[in-house]
Amino acid sequence: MRILYLDLDAMNPSHLSCYGYPRQTSPRLDAFAESARRFEEYYTSDAPCLPSRTAFYSGRFGIQTGVVGHGGSAAQPKVQGKGRGFRDHFDDNGLARQLQLLGCKTALISSFGQRHAAWHFYAGFNEVHNTGRGGMEIADDVTPLAEDWLDRQGKQDHWYLHVNYWDVHTPYRIPMGYGDPFADQPLPDWMTPAWKRFKLKAGPHSALDLGMYGDEAWEKYPRVPPRLDTAENLKRYIDAYDASIHYLDSHLGRLFDKLEALGIVDDTHVIVSADHGECQGDLGIYGEHGTADRGTCRIPMLFRGPGVQPGVDRDLHYHLDLAPTLMDLLGGSTPALWDGQSFHASLTEGAPVGRDSLVLGQCAHVCQRSVRFGDHLYIRTYHDGFHGFPQEMLFDLASDPHEQINLSDQRPERCREALAMLTNWHDAQMHRIAENANDAVDPLWTVIHEGGPFHAKAGCGGAPADLNDYVRRLTDTGRSAPASLQRAAARRDA
């Protein structure tokens, strides 16, 4: 069994042409998707980067591992305590270790573990190849490493290779020599009205604050404008994101060609996915993955390989459902600690094996939990990260997939339904924590206790040392209404 896992950091599937995007951003993936199973509603349980990949390889929700943020206690796994043996849960029960036990050589090409000091990310890997560039590498740095590995070891049996690309993660830094493949193509119809609706919104990565809390120009990355103050800059920004996808797609094509050249394409399982998406106008946010919404948490999933039935799966799935799916594929057993639910029958039979609802979390930029159910997304905010979000938001994704109109006031019965789902999920999770962990603490409240999300704490993660400076900036940029709401928040979080 050979498995190639392609991890495309910050890839929003809504910008892939194989997912229906009107621009042809992904010709090689489009061709790949024709013989793959494509998952339409596939979500990371915990966003963004560190919580997502921790959940993925541990097979467990962030509320269980304790990793829900980017700094403070919530960026470290919970102490396992007296129940820890010679090895810990990440090795004893992690996905990579389970693959090892089934005879797979496990290899990783990624700088992620060092970028986030996530040493548990390496548990169970035979080989780790780190560019040393901390996520600022481009595909030109990564693809040759993957090609070399495949040349040396691809024809062997029983391997799992994880290749991590960063090109569609802001700032969009592909070589200027690559050109601008979308310069003459208009934006999708919804984007300009959405930008006009939210142009004066407050918060990190809003239209006037692309640098999180400001609009400083990034001289090293000339594709990216400092602010979206004009329709021309909006187009320039979206063109940069889409060009990054197009560039990365060409590198994925090189790996597909390598499998073909080695004669192993027909007996290799190839999985294309991501750690999280990227809001590009969703909730009025641009180039960020800082919420528990569809723009941030929905990710691509394309799965091709022997015995996999091509087609489209429209059911709800978590990314951590892939771990038990691989166990079913390889004939292994699923550790009792895992929270995932196998979708193996979808791959092989086209059977509907999705979930009725999903609970999604974000505690790095805001503190939110959301419920994805039916056509709806319900978002509950515990700390708004200077975005001014209300406590409750409800979106009808069938008519409003980019989360422009909050229906919580019009549909209170739907909010109550979602809140009951969230409460039931939380109760079940707290029971599991009490049974398996060294404490009985929900890490979301640890984040609140330690002063709020890392990227919204004074002097941390891009936030100014004095958050009142940002309040003054809002006033100076014509956003006096949001500024009045943020003054109290700045005092609270100081």
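Remember, it's a predicted structure, so these values are computed and weren't measured experimentally.

Caption draft 1: A look at the overall build of the chain. Counting its regular elements, the chain contains 16 helices and 15 strands. Relative to a compact globule of 494 residues, whose C-alpha radius of gyration would be 23 Å, the chain shows 22 Å and is just as compact. C-alpha extents for the chain along the principal axes are approximately 65 × 55 × 40 Å. Out of the 494 residues in the chain, the part that is buried amounts to 61%. For the chain, the proportion of contacts with a sequence separation of at least 24, taken over those separated by at least 6, is 68%. Approximately 17900 Å² of the chain is accessible, and the part contributed by carbon and sulfur atoms is 50%. Where the 48 positive side-chain charges of the chain centre and where its 65 negative ones centre are 3 Å apart.

Caption draft 2: The arrangement of the sheet that holds strand E12 (residues 357–362) in detail. Taken together, five strands build an open sheet; the order of strands is E3-E12-E13-E14-E15 and the sheet is mixed. Two strands close off the open sheet at either side, each with one partner strand: strand E3 (46–47) and strand E15 (392–396). Each of E12, strand E13 (367–373), strand E14 (376–383) and E15 touches helix H13 (residues 412–436); the most contacted strand, E13, lies at about 110° to it.

Caption draft 3: Region of the structure containing the side chain of Ser26. Mapped onto the fold, Ser26 is located in the loop between strand E1 (2–8) and helix H1 (27–33). When its relative accessible area of 0% is taken as the criterion, Ser26 is described as buried. Once residues lying within four places of it in the same chain are set aside, the contact partners of Ser26 are Leu16, Ser17, Cys18 and Asp249.

Caption draft 4: Molecular detail of the packing of helix H7 (residues 139–153) against helix H9 (residues 231–262). It is the contact of H7 with H9, at a shortest axis distance of 10 Å, that shows an interaxial angle of 10°. On the basis of the axis angle, H7 is roughly parallel to H9. Contacts from Ala139, Asp140, Thr143, Pro144, Ala146, Glu147, Leu150 and Asp151 in H7 reach Tyr247, His251, Arg254, Leu255, Lys258, Leu259 and Leu262 in H9. For the contact of H7 with H9, the per-class residue count stands at eight nonpolar, two polar and five charged.

Caption draft 5: Quick peek at unusual backbone geometry. In this chain, Ala47 is followed by Pro48 through a cis amide linkage whose omega measures 0°. Along the chain, Pro48 falls in the loop between E3 and helix H2 (49–58). Residue Pro171 is bonded to the preceding Thr170 through a cis peptide linkage, with omega at 0°. Mapping Pro171 onto the fold places it in the loop between strand E6 (159–165) and helix H8 (191–198). Despite not being glycine, Met212 shows a phi value in the positive range, around 85°. Within the chain, Phe386 stands out as a residue other than glycine whose phi angle is a positive 70°. Tracing the backbone shows Phe386 in the loop between E14 and E15.

Caption draft 6: Just the sheet that holds strand E2 (residues 37–43), in detail. Taken together, the eight strands give an open sheet; going across it, the order is E5-E4-E6-E1-E7-E10-E2-E11, and neighbouring strands pair in mixed fashion. The open sheet has two edge strands with one neighbour each: strand E5 (127–129) and strand E11 (311–318). Ignoring strand direction, the axes of neighbouring strands in this sheet form an average angle of 15°. By the bridge criterion, three bridges tie strand E7 (residues 268–273) to strand E10 (residues 302–304) in an arrangement that is antiparallel.

Caption draft 7: Molecular detail of the packing of aromatic side chains. Across all of its chains, the model carries 23 aromatic pairs by this definition. With centroids separated by 6.1 Å and ring planes inclined at 85°, the aromatic side chains of Tyr42 and Phe343 adopt a geometry described as edge-to-face. Within this pair, whereas Tyr42 is found in strand E2, its partner Phe343 is found in the loop between helix H11 (322–330) and helix H12 (344–349), the two being separated by 301 residues in sequence. Classification of Tyr42 by relative accessible area gives buried; the value is 0%.

Caption draft 8: Spotlight on the pattern of salt bridges. For the structure on display, the rule yields 31 salt bridges. One salt bridge connects Lys78 with Asp439, and the closest N-O pair in it is separated by 2.8 Å. Here Lys78, found in the loop between helix H3 (62–65) and helix H4 (89–92), pairs with Asp439, found in the loop between H13 and helix H14 (443–449); they are 361 residues apart in sequence, far enough to count as distant. Its salt-bridge partner being Lys105, residue Glu127 comes within 2.7 Å of it at the nearest N-O pair. Here Glu127 is found in strand E5, whereas its partner Lys105 is found in strand E4 (residues 105–109), with 22 residues between them in sequence. A single salt-bridge network, built from bridges that share partners, covers Asp209, Asp215, Arg227, Arg473 and Arg479.

Caption draft 9: Examining the nonpolar core more closely. One finds Leu6 and Leu322 to be the most contacted residues of the largest nonpolar core, which totals 90 residues. When residues of this core are assigned to their parent elements, the largest contribution, 14 residues, is made by H9. Beyond its immediate sequence surroundings of up to four residues, Leu322 is in contact with Tyr5, Tyr42, Phe56, Ile271, Met301, Phe303 and Phe343. Core analysis: the next-biggest nonpolar cluster, separate from the first, contains 22 residues, Ala55, Leu316, Val359 and Val371 among them.

Caption draft 10: Broad picture of the state of the cysteines. Applying the stated criterion across every chain, the model contains zero disulfides. Note on Cys279: no disulfide assigned, nearest cysteine sulfur contributed by Cys297 at a separation of 8.5 Å. Classification of Cys279 by relative accessible area gives buried; the value is 0%.

About the thresholds
- Residues numbered from 1 in each chain as written.
- Predicted model: local features only at pLDDT ≥ 70, side-chain atom pairs only at ≥ 80, totals over all residues.
- Heavy atoms only, no water.
- Helix = DSSP H or I, 4+ residues; strand = E, 2+ residues; numbered from the N terminus.
- Rg over C-alpha atoms; globule rule 2.2 N^0.38 Å.
- Buried < 20%, exposed > 50% of the residue type's maximum accessible area, 1.4 Å probe, protein only.
- Contact = heavy atoms within 4.5 Å.
- Areas by Shrake-Rupley, 256 points an atom, 1.4 Å probe, with all protein chains shown as cover.
- Lys, Arg positive; Asp, Glu negative; His and termini not counted.
- Charge placed at Lys NZ, Arg CZ, Asp CG, Glu CD.
- Pairing = 2+ DSSP bridges.
- Axes fitted to C-alpha atoms, helices over the stretch in contact; angles between N-to-C directions.
- Parallel < 35°, antiparallel > 145°, perpendicular 65-115°, else oblique.
- Nonpolar A, V, L, I, M, F, W, Y, C, P; charged D, E, K, R; others polar.
- Phe/Tyr/Trp six-rings, centres within 6.5 Å; stacked < 30°, edge-to-face > 60°.
- Salt bridge = Lys/Arg side-chain N within 4 Å of Asp/Glu carboxyl O.
- Core = buried A, V, L, I, M, F, W, Y, C linked by side-chain atoms within 4.5 Å.
- Disulfide = S-S within 2.5 Å.

These figures come from the coordinates and say nothing about function on their own.
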